[in-house]
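Chain and residue survey
Chain residues, written in single-letter form:
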Amino acid sequence: MTLSEVRVRIAPSPSGYVHVGTARTAIFNYLFARRHGGKFLVRIENTDKERSDPVFTEAILSALKWLGLQWDEEIVYQSDRIDLYKTHARKLLESGHGYRCFCSPEQLAQDREKARAEKKDMRYNRRCLNLSQAEVEAQVALGSAYTIRLRIPEGETNFDDLVSGELKRKNEDLEDFIVARSDGTATYNLAVVVDDHDMGITHVLRGNDHVTNTFKQIHLYHSFGFELPKFGHMPMILRPDKKKVSKRLGDKDVLAFQREGVLPEAMFNYLCLLGWSPKTDREIYSLEELIDLFTSDNFNPSNAIFDVEKLVAFNQEYIANKPDHELAAMVAPLLVEADLTTKYWLETRWEYLRQVVGALKLRARRIVDFVELSAYFFAFDYQYESDAAAKHFTSENAELLSELTDRFERLQDFTHEALEQTLSALADDKGIKRARLIHPTRLAVSGRSKGPSLYEMLVILSQPVVVERMRRAIEIIKNANSA
RNA sequence: GACCCCAUCGUCCAGUGGCCUAGGACGGCGCCCUUUCACGGCGCAAACACGGGUUCGACUCCCGUUGGGGUCACCA
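Residues numbered from 1 in each chain as written. Chains lettered and ligands numbered in written order. Predicted model: local features only at pLDDT ≥ 70, side-chain atom pairs only at ≥ 80, totals over all residues. Heavy atoms only, no water.

Turning our eyes to something else, we now look at the domain arrangement of chain A. In many reports, interface size means the accessible area that the parts give up when they come together. Looking at chain A, the domain boundaries give domain 1 (1–77 + 189–321), domain 2 (84–180) and domain 3 (329–482). For domain 1 versus domain 2, the distance between C-alpha centres works out to 30 Å. If you look at the interface, domain 1 gives 29 residues, while domain 2 gives 24 residues. Across the interface of domain 1 and domain 2, roughly 2300 Å² is buried in total on both sides, 75% from carbon and sulfur atoms. It is Leu190, Phe215 and His219 in domain 1 that bury the most area against domain 2; as a group they hold 29% of the surface buried on that side. Here domain 1 and domain 2 share 0 salt bridges between them. (Domains from an automatic or database assignment. Contact = heavy atoms within 4.5 Å. Buried area = accessible area lost by both parts, 1.4 Å probe. Salt bridge = Lys/Arg side-chain N within 4 Å of Asp/Glu carboxyl O.)

Structure representation (C-alpha cells):
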C-alpha cells in the first residue's frame with residue numbers, strides 16, 4: 001500500500017437510470033474506499049448534452065443514497081469543466097501527441113462501412129495523420145471543421161489489472177481516437193483522464209467493458225505526463241439471457257427494486273457477492289463485515305448472471321432480521337397507499353401495526369408482500385376464500401363456532417394461553433379435534449386459510465373484533481345454508 | 001470480422017497439484033416440526049466444456065478446440 005490516501009470514484013453518465021451493474025461498481029468502489037480509509041467520490045459525466053438529463057442525475061444520486069453509498073466530497077460535474085478539457089485538448093495538439101482530423105462524420109461512416117464489407121479492421125485509417133503541414137494549415141485557414149485525435153505510438157501497451165492480472169494490447173490494435181469534437185468539446189476518454197488525474201483518483205474500478213478505454217486512456221496519461229492510477233476491471237453482470245445489463249437494453253433501475261420491496265441492505269449484500277467473494281461459506285454479511293473483508297485480490301474474473309430469486313432470498317433473510325418497528329415504518333405508507341387504512345388511524349395504533357408486521361415477517365419475501373398478507377388486519381370487508389369456505393363453513397361448524405364465540409366473549413384475559421385453553425376445552429367437550437375449530441375460526445376472522453398462528457392472530461385482532469367477525473361469519477353461513 | 005476477457009451443479013460462490021467419493025447458497029424434490037402458510041431442521045438430485053500435454057499425481061499448470069461475454073461512435 002502506498003502512503004497516499006486511496007481515492008476512488010463512481011462516474012455515471014446521466015443518460016439513464018442506475019442499473020445493477022453500475023450499482024455494483026459503485027458498491028465495490030465504496031467498499032474499497034472504506035476498507036482503506038480512503039475517499040469515495042462521485043462524478044457526473046454529462047459531456048454529452050444531447051443525452052444527458054438532470055432528471056437522471058437526481059435519480060442516480062437517489063439510488064446511491066438508497067444503497068447507503070455516501071460520497072465524501074462535493075460531486076464533480078463534467079459540464080462545469082468544459083474549459084479545462086478544451087485546454088488539455090489544445091495541449092495535445094501543441095505537444096504533438098494529437099493531430100487535427102478533417103474527416104467528416106459521413107466519410108468516417110463510409111470508411112467503416114467499407115471495412116465492414118471487406119471484413120477488414122474498422123479502425124481509423126489515419127488519413128489526416130499523413131496530411132502535410134501545408135495541407136493542414138490550408139484547411140485551418142479555410143475554417144474547415146476538425147476533430148483532434150490522439151496519435152497512438154508504435155509498440156505495446158500493458159498494465160497490471162487488479163482483477164485479471166497482466167493485460168496486454170498491441171498498439172496497432174488501438175486506434176487514433178478522437179479526444180475533441182469538431183465543436184472543440186472533449187470526448188469521454190479525455191475528460192475522464194483529466195478528471196481522474198485532477199481528482200487524485202488512485203484506483204479506477206470499473207466494468208470490464210472499459211478495458212479498451214483503459215488502453216486508450218493510458219496513452220493519454222503518458223501524453224500528459226500524468227501518473228497512472230491502478231486499474232481494476234470488474235466482470236460484467238449478465239441478464240438471464242446472458243446479455244450485459246445496460247441502459248441500451250432498458251435494464252431495470254435499481255430503485256425499481258426498492259419500489260418492489262427490496263431492502264437496500266439485501267441488494268447491497270447480494271451485489272457484493274457477484275464478482276467478489278469473501279471466500280467462505282457464509283453469504284450474509286453486515287456492512288461493517290464487508291468493509292473489513294473487502295480486498296481487491298478476491299475478485300472473480302468471470303461474468304455473473306443476475307438472479308432475482310437469490311436476491312429475494314437475501315431480502316427475506318434481511319426482513320426476518322429487521323426490527324418490527326423499522327418494518328412497520330416501511331409498511332405503513334404502503335397500507336395507506338393501498339387504501340387499507342389511513343395515516344391518522346395508524347398514527348394512533350402504531351403498536352397494533354408493529355404486532356401485525358411482527359406476526360407476518362417470516363412470511364414476507366418483499367416489503368410489499370406485507371400489504372397482501374396483512375390486509376384483513378385493517379379492512380373488514382374481506383372475502384372468504386371460496387374453497388376453504390366450502391370446506392369449513394358448514395352449518396354444523398356454525399354451531400361450534402357459535403359456542404366458541406360465546407366462550408371467547410366471556411374471557412377476562414384475551415391471551416394466547418387463555419384462547420388456546422378455551423378452544424381445546426370446547427374441542428374436548430364435543431369430542432372433536434382442535435383443527436375442526438381452528439380452521440373455521442381462522443377463516444372467519446381473516447377470510448384466509450393461511451396465516452400466522454391462530455392464537456397470535458386473535459390476540460392482535462383483539463376480543464371485540466374477533467367476536468364481531470366470528471358472529472358475522474356465523475350469520476353468513478346460516479344465511480347461505482337457509483337460502 | 002478484428003482485438004480482449006472468461007470457462008466448476010440451472011444460477012451465484014468455494015476449491016489454488018495429492019485433503020475431491022468436488023463444498024456452501026439460491027432454486028427444485030422428499031421427509032420432519034406444525035391448526036394452516038411460512039420459519040426452522042434433515043436429506044436427495046444436480047457441475048469440473050472437450051482434446052492434447054507437464055507431472056508419480058490434475059478441477060487446479062501449459063497449449064489448442066469449442067462455447068459464452070465484451071469492445072470496435074465527433075456515446076459514455
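Turning our attention to the packing of helix α17 (residues 395–410) against helix α21 (residues 463–482). Where α17 contacts α21, the two axes come as close as 9 Å, and the packing angle between them is 160°. Here α17 is positioned roughly antiparallel relative to α21, judged by the angle of their axes. With respect to the hand of their crossing, α17 and α21 are arranged in left-handed fashion. Every residue of α21 that contacts α17 at Ser395, Ala398, Glu399, Leu401, Ser402, Leu404, Thr405, Asp406, Phe408 and Glu409 is listed here: Gln463, Val466, Val467, Met470, Arg471, Ile474, Ile477, Lys478 and Asn481. For the contact of α17 with α21, the per-class residue count stands at 9 nonpolar, 5 polar and 5 charged. (Axes fitted to C-alpha atoms, helices over the stretch in contact; angles between N-to-C directions. Helix = DSSP H or I, 4+ residues; strand = E, 2+ residues; numbered from the N terminus. Parallel < 35°, antiparallel > 145°, perpendicular 65-115°, else oblique. Left-handed = near helix turned anticlockwise from the far one by under 90°. Nonpolar A, V, L, I, M, F, W, Y, C, P; charged D, E, K, R; others polar.)

Notably, Arg126 is not glycine yet its phi reads approximately 60°, a positive angle. Mapping Arg126 onto the fold places it in the loop between α4 (105–117) and α5 (133–142). Taking relative accessible area as the criterion, Arg126 reaches 24% and is therefore assigned partly exposed. (Buried < 20%, exposed > 50% of the residue type's maximum accessible area, 1.4 Å probe, protein only.)

Right, let's get into the packing of aromatic side chains. Across all of its chains, the model carries 24 aromatic pairs by this definition. Relative to Phe40, the ring of Tyr30 lies with its centre 5.6 Å away and its plane at 90°, an arrangement referred to as edge-to-face. Of this pair, Tyr30 sits in helix α1 (residues 20–35) while Phe40 sits in strand β2 (residues 39–44), placing them 10 residues apart in sequence. For the residue pair Tyr30 and Phe40, the accessibility class agrees, reading buried in each case. Centre to centre, the rings of Tyr382 and Tyr384 are 5.8 Å apart; their planes meet at 90°, and the pair counts as edge-to-face. Given the relative accessible area of 12%, Tyr382 is considered buried. Since its relative accessible area comes to 17%, Tyr384 is described here as buried. Aromatic rings pair up to connect Phe159, Phe215, Tyr221, Phe224, Phe226 and Phe231 into one cluster. Stacked on the ring of Tyr146, the Lys or Arg Arg100 has its end atom at 5.0 Å from the ring centre. The ring of Phe257 carries the charged tip of Lys252 above its face, separated from the ring centre by 4.1 Å. (Phe/Tyr/Trp six-rings, centres within 6.5 Å; stacked < 30°, edge-to-face > 60°. Lys NZ or Arg CZ within 6 Å of the ring centre and 35° of its normal.)

We now examine the protein's contact with RNA strand B. Lining the immediate surroundings of RNA strand B are 63 residues, of which Arg181, Glu283, Leu362, Arg363 and His439 lie closest. Near-protein atoms of RNA strand B (within 4 Å) split between backbone and bases, with sugar and phosphate holding 73%. Between RNA strand B and Asp281 there is a distance of 3.2 Å, counted from a sugar or linking oxygen to a backbone nitrogen or oxygen. Contributions of two or more residues to the surface near RNA strand B are made by α4, β7 (165–170), α7 (211–224), β12 (304–305), α11 (308–320), α19 (434–446) and α20 (454–461). Partitioned by chemical class, the residues of the surface near RNA strand B number 18 nonpolar, 20 polar and 25 charged. (Near = heavy atom within 4 Å. Polar contact = N/O pair within 3.5 Å; in protein donor to acceptor, adjacent residues only side chain to side chain.)

What follows is about the sheet that holds strand β1 (residues 7–10). The strand order across the open sheet formed by 3 strands is β1-β2-β3, and the pairing between neighbours is parallel. Edge positions in the open sheet fall to β1 and β3 (76–77), since each of these has one partner strand only. The strands touched by helix α2 (residues 54–66) are β1, β2 and β3; relative to β2, the strand with the most contacts, the crossing angle is about 160°. (Pairing = 2+ DSSP bridges.)

Turning to the layout of surface pockets, a few remarks are in order. Put simply, the largest pocket is a space of about 1300 Å³. Along the walls of the largest pocket sit 43 residues, with Ser13, Tyr188, Asp209, His210 and Lys247 positioned nearest its centre. Residue assignment for the lining of the largest pocket shows that the elements contributing at least two residues are β1, α1, α6 (188–198), β9 (203–207) and α7. With 4 residues, α1 is the single largest residue contributor to the lining of the largest pocket. (1 Å grid on protein atoms, 1.4 Å probe; cavity = no way out; pocket = protein on both sides within 12 Å on 5 of 7 lines; lining within 4 Å. Points joined across faces, edges and corners; volume = space filled by probe spheres on them.)

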